[in-house]
Each structure stands twice: as structure tokens, then as C-alpha cells.
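Notes for the structure review
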Amino acid sequence: MTGVKMSDLEAVSVDHQFQQKHLLGLSDYSKEDILYVLEQARSFREILDRPVPKVPTLRDKTIVNLFYENSTRTRLSFELAQKRMGADVVNFSAGTSSTQKGESLKDTIRNISSMKIDMVVVRHESPGVPYFLTRQVDAAIINAGDGAHEHPTQALLDMFTMKQIYPDLTGRKIAIIGDISHSRVVRSNVLGLKKVGADVLLCGPRTMMPAYANALGVNVSYNLEETLGWCDIAMALRIQLERQGESAGLFPSIREYHENFGIKMTHLDKYPDFTVMHPGPINRGVEMESDVADSDRAVILNQVTNGVAVRMAILYLLSGGIRQG
Ligand code: NCD
């Protein structure tokens, strides 16, 4: 038998009216919305462990993946989630499309839209593009990363992974370390984690700490040792050289960055309680020593697996959460 009965998806019993039409960012989602998505993701995570990890939930849906920026993990993860749910999938990458011929985003999306699309997953270097698309097409829009603004499915999969370790995130100490200013992963995580009551600390060089950090209602530290001694979870971020632009040179050298902010095996021994996370792609030897990434203290590959489940849950909910029974 392929697939599972729709009733398998009824296991989720959180009482909540999920009424979102899009996923533009976690700023628009309430605590209840977030916990509801994560609950739904649990049943999809179980499906992924089955011999035939497929459900026919999106059999009659057509989804376009619109990627204007490089991506490996996120694009593959969305595509896998869509295929595991039986959707018809169309992939668009800026590098191989008419964008190269000067077509505007608006024209591209209008053309795609006239092909009758139910959902659009979009990644773009400009903040606000997912919102712009909601004004152009009558499809559910999912933000897969817009510039340095938000990356909501990444934060949801990060929170899902944290909840596997600590089912209740209330009061949990979560440190996010690295290039805070240029990270959309941080913004979405801070919004989501604060809504569920976690205690968030941002750590990095002063030159990579935005002036508004304190206004986000989080703690700020410039000291890695202090941070690792405090936290339950340490999430390291990639240095976003491609986003630093004219402000390049925010730290003297990669070696010095690693010296001051890289997580090392000695830290794992010294502070035995924290778990290591990273959204990927990792620069081994920069954000952390290679052995740290491969150690049993790291849940980085779990994050990747959980990403498929979380994206299945979002696709399911935004497709109308077709339920039976
Ligand atoms: C992140 C992104 O694209 O924002 N990666 C990802 O989606 N897994 C983080 C990064 O690029 O460093």
C-alpha cells in the first residue's frame, strides 16, 4: 500500500483555528499558529520514518518553486516535501530562466500564475518579495528566504528540532552565535522563540551585532565562553560574506573570527550541557571545528530531516488542510 490514510493526520489534537493563507514571516504568526504548525509537523515526521514515506495530501495541487538566490538544502527540502505529498511541482531558478533575458519579477510571476498555480515557494535577495507576490497572484505564498529579512520555515524547523530535545521551550536558553546583522535565520528565530517564551541570547562580534538587537527584547553578549556556559542550545550561523557588501571587513580575518567565536571541541568538554545547531551551509573550521559538527552533541542533520516534515506541515496547512472524517 502506498501512502497512509488521511485519518493518520488527525492525530494532532491541538485545538486551534489556523487561518493563515500565506507564510511570509513569523512576525505574522501567533504563538498558537507556530505551535500548531509544529504539532502538525510531528505527524509528518513520523510518516518520514515509514518504509513508504508518502501521503497523497497534495495530489491535486500545483506548486512552483521560484528561486532567485542560490539554495541547496532549502530548495531540495521543499521539493522533497512536495513530492512526498504527491503535488505537481515546477521548478524555476533565476540562473536558467528568462530573468537572464531581462524579464521582470512581476511578468515572470504573472506568466507562471496564468498556468494555474496553487502555491508559490519563493526565495529572493530582496526583502518583501514574498509580500509583493501576494498582491500579484491568487496563490498561497511561502517565503523561503527574502534577503536579510525572514526565513520562517528555517526557524520552524529549528524550533521543531529544539522541541525534540526540550518539549517545552518556555524559559529555555537559546544562544544564536555569529553574523547576527545579516541573518534572516536570526530574525525569524528570535520572533518565533520569543513568542513561545524562550530566553534568547545573541552573541557575535560587535561589528555584526545590529544596533536594534536590544530592542528585540533579547540578551546580547560579545563573549563566546560566557554564552556557551549559559545556554541549553548554541546555534552557530554562517558568516554571510555575500551580504556584507560594502561593509566587508567586519572582522580582521577568518582565523581571528574562528579564534573568538568558533565552537571548539574544548568547549564541548568544558560545558557538557549545550547542544549544537547550525542552519547550514557550514563553513567547517570557521563557525565551528569540523569535529564539533560531526560530534554527537550536534543535531545538524536532524535539522535537515526535520525540515522536510515542517515544510510538509506548512504545505498541508496552506493548501487548506484538506481533512476527512
Ligand atoms: C540559510 C539561508 O539561506 O538563509 N541557509 C538555509 O536556508 N539553510 C543560512 C545561510 O545561508 O547561511
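A brief report on the enclosed structure follows. (Residues numbered from 1 in each chain as written. Predicted model: local features only at pLDDT ≥ 70, side-chain atom pairs only at ≥ 80, totals over all residues. Heavy atoms only, no water.)

Our focus in this paragraph is the sheet that holds strand β7 (residues 219-221). What the five strands build is an open sheet, ordered β7-β6-β5-β8-β9; its pairing is parallel. On the outer flanks of this sheet lie β7 and β9 (275-277), each paired with one strand and no other. Geometrically, the sheet is characterised by an average inter-axis angle of 25° between neighbouring strands, direction not taken into account. The strands that helix α5 (residues 152-165) touches are β5 (173-177), β8 (233-236) and β9; relative to β9, the one it contacts most, it runs at about 165°. Of the strands in this sheet, β5, β6 (199-203) and β8 are in contact with helix α6 (residues 184-195), which crosses β6 at around 160°. (Pairing = 2+ DSSP bridges. Helix = DSSP H or I, 4+ residues; strand = E, 2+ residues; numbered from the N terminus. Axes fitted to C-alpha atoms, helices over the stretch in contact; angles between N-to-C directions. Contact = heavy atoms within 4.5 Å.)

It is a probe the size of a water molecule, rolled over the atoms, that shows where empty space is left. Reported here for the largest pocket is a volume of approximately 670 Å³. Around the largest pocket, the lining is made up of 34 residues, and of these R73, R238, P279, G280 and P281 lie nearest the centre. Within the residue set of the lining of the largest pocket, elements represented by two or more residues are α2 (73-84), α5, α6, α8 (241-244) and α12 (300-318). Ranked by the residues each element gives to the lining of the largest pocket, the list is headed by α12, at six residues. Residues of the lining of the largest pocket, tallied by class, amount to 10 nonpolar, 13 polar and 11 charged. Counting residues domain by domain, the lining of the largest pocket receives three or more from each of domain 1 (26-151 + 305-318) and domain 2 (153-299). (1 Å grid on protein atoms, 1.4 Å probe; cavity = no way out; pocket = protein on both sides within 12 Å on 5 of 7 lines; lining within 4 Å. Points joined across faces, edges and corners; volume = space filled by probe spheres on them. Nonpolar A, V, L, I, M, F, W, Y, C, P; charged D, E, K, R; others polar. Domains from an automatic or database assignment.)

Let us look at the site of the ligand. Taken together, R73, T74, R123, H151, Q154, R184, V185, R238, Q240, P279, G280 and P281 make up the full set of residues near the ligand. Interatomic distance of 3.1 Å between a side-chain N/O atom of R123 and an oxygen atom of the ligand. In this structure, G280 approaches the ligand through a main-chain N or O atom, which is 3.0 Å from a nitrogen atom. Relative to its free-state accessible area of 310 Å², the ligand is covered by the protein chains to the extent of 93%. According to the grid-proximity analysis, the pocket containing the ligand is the largest pocket. (Near = heavy atom within 4 Å. Polar contact = N/O pair within 3.5 Å; in protein donor to acceptor, adjacent residues only side chain to side chain. Areas by Shrake-Rupley, 256 points an atom, 1.4 Å probe, with all protein chains shown as cover. Sits in = over half its atoms within 2 Å of the grid points.)

Turning next to the environment of M159. If you trace the backbone, M159 turns up in helix α5. Separated by 30 residues in sequence, M159 and N189 place their C-alpha atoms 7.8 Å apart. Excluding anything up to four places from it in sequence, M159 contacts I34, L38, L169, N189, G192, L193 and V196.

For α6, built from 12 residues, the straight-helix expectation of 16 Å at 1.5 Å per residue is met to within 8% by its first-to-last C-alpha distance of 17 Å. Looking only at α6, the buried set comprises R184, V185, V186, S188, N189, V190, G192 and L193. With a side-chain oxygen lying 3.1 Å from the backbone nitrogen of V185, the N-terminal cap of α6 falls on S183. Of the residues flanking the end of α6, it is G197, one or two places downstream, whose phi is positive at about 90°. (Expected span 1.5 Å × (residues − 1). Buried < 20%, exposed > 50% of the residue type's maximum accessible area, 1.4 Å probe, protein only.)

Turning our eyes to something else, we now look at the sheet that holds strand β4 (residues 140-146). Taken in spatial order, the four strands line up as β2-β1-β3-β4 in an open sheet, and their pairing is parallel. Both edges of this open sheet fall to β2 (88-93) and β4, since each of them pairs with a single strand only. Adjacent strand axes in the sheet meet at a mean angle of 15° when their direction is disregarded. Bridging between strand β3 (residues 119-124) and β4 involves five bridges; their strand directions are parallel. Paired with V120 across the bridge in β4 is I141.

As far as function goes, none of this settles anything; it's purely spatial.
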